[in-house]
Amino acid sequence: MNDIYNFSAGPACLSEKALNGAKDVLLNYQSSGISLLEMSHRSPQVVNLFEETTINLKNLLNVPDNYQVLWLQGGASLQFSMVPMNLLPDSGSADYIDTGVWSAKAISECEKIGNVNVVGSSRDSNYTYIPKNIINNNRSSYLHITSNNTIYGTQYKAYPEVNNENSFLVADMSSDILSGPINISDFGLIYAGAQKNMGPAGVTLVIIRSDLVENKYRNIPTMMRYETHALKDSMFNTPPVFSVCVVNETLKWIKELGGLEKMEKINIEKSNLLYNEIERNSLFTSPVNKEDRSTMNIPFVFSDTNIIDQIFLDFCDNRGLKTLRGHRSVGGFRASIYNAMPISGVNALIEAMKEFEKNFS
Ligand SMILES: Cc1ncc(COP(=O)(O)O)c(C=O)c1O
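Residues numbered from 1 in each chain as written. Predicted model: local features only at pLDDT ≥ 70, side-chain atom pairs only at ≥ 80, totals over all residues. Heavy atoms only, no water.

Caption draft 1: Structural detail: the sheet that holds strand 9 (residues 189-193). Here 7 strands make up an open sheet; going across it, the order is 2-10-9-8-5-3-4 and the pairing mixed. Each edge of the sheet is formed by a strand with only one pairing partner; in this case those strands are strand 2 (67-72) and strand 4 (115-121). Taking each pair of neighbouring strands and ignoring which way they run, the sheet shows an average axis angle of 20°. For strand 3 (residues 93-98) and strand 4, the ladder comprises 6 bridges, and the chain directions are parallel. Considered in strand 4, the bridge of alanine 94 is made with valine 116. This element, helix 2 (residues 44-61), spans strand 2 and strand 10 (204-209) of the sheet and lies at about 130° to strand 2. (Pairing = 2+ DSSP bridges. Helix = DSSP H or I, 4+ residues; strand = E, 2+ residues; numbered from the N terminus. Axes fitted to C-alpha atoms, helices over the stretch in contact; angles between N-to-C directions. Contact = heavy atoms within 4.5 Å.)

Here it is in structure tokens:
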């Protein structure tokens, strides 16, 4: 039987180390005789777990002292609302770059709160590229980007700059957080759902510059305020303890592997292998602009539209290569090769593509 490789876009494959760590805490957490799932979030063990996870994240990403790390619920989707509720002044405006479904959802939530300027969009080409040379408005409070576009397989290689000293960059990094080092100081706020590169669904990471934490602009519900969660170390209400624990196991795994520089090297190597095969193979092609291609999500389609996608999906499925169907708005195939996808999984997919080509010609 072949090894099984899960190319799902999210929830996505996790490292064996993180899964084993998660298994160990289920029955008897740190020799307490109690499962982590049963433990009060006020217990010293769980308070320690949150502190340790925050420290591990700060160390890996080199988070400066003037930033706070929050572990929230509601997914990245709740951040689409929390960001403008907390950071957009009543009569102000925010700039957004539209790079696909997820940024469009962020735009639509912001429009419920205030004024949005869409300062760049790649909608004209079904989001196959990252819009460049963005000029953000002088009076806008922030510029929002989606750093990696999970559905279309585009990724920023250089982030846009804000041209006004009171403005700042906000990034949805749900599908490429921890894929390599980033300069946190370039951002006012970063958010990311855990379920692609960090852990299971249920927890959302927010990294926020301390001066942005205070609730300044409107009377919003308690749970929607960053301030509420910052003042209580992400324990204002019952937090997703188990999800945070698995995130911590993932952070320890990345550290052991050599940190984010090493992770980035591996991701570039893995994605290059697959892109090279897509280029070489006469049956497949990539719809994505070369310089904007993601190291995390790799869509590809048949060059000949007469071949039925399902035939290749079944062919892969029989070889243990799972969840390769592309998103319905792009079609074809998508290999999500997040941090936890081993190079052997990428090589197994490449082998399948080669064999399929041989059978077909
Ligand atoms: C880039 C991006 N942003 C936001 C989301 C939505 O995340 P959530 O389900 O955590 O709300 C996703 C989900 O796939 C995503 O890929």
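Structure shown, so let's carry the discussion forward.
Caption draft 2: Inspection of the site of the ligand at higher detail. The environment of the ligand is formed by 13 residues, the closest being Ser77, Thr150, Asp172, Gln195 and Lys196. At a separation of 3.0 Å, an oxygen atom of the ligand approaches a polar backbone atom of alanine 76. In this structure, an oxygen atom belonging to the ligand sits 2.7 Å away from a side-chain N or O atom of lysine 196. Relative to its unbound accessible area of 400 Å², the ligand is 86% covered by the protein chains. (Near = heavy atom within 4 Å. Polar contact = N/O pair within 3.5 Å; in protein donor to acceptor, adjacent residues only side chain to side chain. Areas by Shrake-Rupley, 256 points an atom, 1.4 Å probe, with all protein chains shown as cover.)

Caption draft 3: Highlighting the pairing of strand 8 (residues 168-172). For strand 8, the buried fraction is high: 5 of the 5 residues fall into the buried class. Residues Phe168, Val170 and Asp172 point to one face of strand 8 and Leu169 and Ala171 to the other, with burial holding for every one of them. Pairing between strand 5 (residues 140-146) and strand 8: 5 bridges, direction parallel. Note on strand 8: the bridge partner recorded for isoleucine 145 is alanine 171. When strand 8 meets strand 9, the two strands line up parallel, connected through 3 bridges. (Buried < 20%, exposed > 50% of the residue type's maximum accessible area, 1.4 Å probe, protein only.)

Caption draft 4: Structural view of a nonpolar patch on the surface. On the surface, Leu26, Leu27 and Leu37 cluster together into a nonpolar patch covering about 330 Å² of accessible area. With respect to the helices and strands, leucine 27 occurs in helix 1 (residues 16-27). (Patch = residues over 30% accessible without salt bridge, like charges linked within 9 Å, V, L, I, M, F, W, Y side chains within 5 Å. Salt bridge = Lys/Arg side-chain N within 4 Å of Asp/Glu carboxyl O.)

Caption draft 5: Helix 3 (residues 75-87), seen in detail. The end-to-end C-alpha separation of helix 3 is 18 Å, in line with the 18 Å expected for 13 residues at 1.5 Å each. Most of helix 3 is tucked away: 10 of the 13 residues are buried. Taken together, the buried positions of helix 3 are occupied by Ala76, Gln79, Phe80, Ser81, Met82, Val83, Pro84, Met85, Asn86 and Leu87. (Expected span 1.5 Å × (residues − 1).)

Caption draft 6: Focus on unusual backbone geometry. With omega at -5°, the peptide bond leading from glycine 10 into proline 11 counts as cis. Looking at the secondary structure, you find proline 11 in the loop between strand 1 (5-6) and helix 1. In this structure, asparagine 62 is a non-glycine residue whose phi angle is positive, near 55°. In this fold, asparagine 62 is placed in the loop between helix 2 and strand 2.

Caption draft 7: Structural detail: the domain arrangement of the protein. Under the domain assignment used here, the protein contains domain 1 (16-256) and domain 2 (259-360). Relative to domain 2, the C-alpha centre of domain 1 lies at a distance of 28 Å. Listed as interface residues are 26 residues of domain 1 and, on the opposing side, 25 residues of domain 2. Summing the contributions of domain 1 and of domain 2, the shared interface buries around 2,100 Å²; its carbon and sulfur component is 54%. The interface formed by domain 1 and domain 2 includes 2 salt bridges. The interface formed by domain 1 and domain 2 holds 16 residue pairs in polar contact (both at pLDDT 80 or more) in total. Elements with a contribution of two residues or more to the side of domain 1 that touches domain 2: helix 2, strand 7 (154-155) and helix 6 (241-257). Looking at which element gives the most residues to the side of domain 1 that touches domain 2, the answer is helix 6, with 3 residues. Looking at the side of domain 1 that touches domain 2, its residues break down into 10 nonpolar, 11 polar and 5 charged. (Domains from an automatic or database assignment. Buried area = accessible area lost by both parts, 1.4 Å probe. Nonpolar A, V, L, I, M, F, W, Y, C, P; charged D, E, K, R; others polar.)

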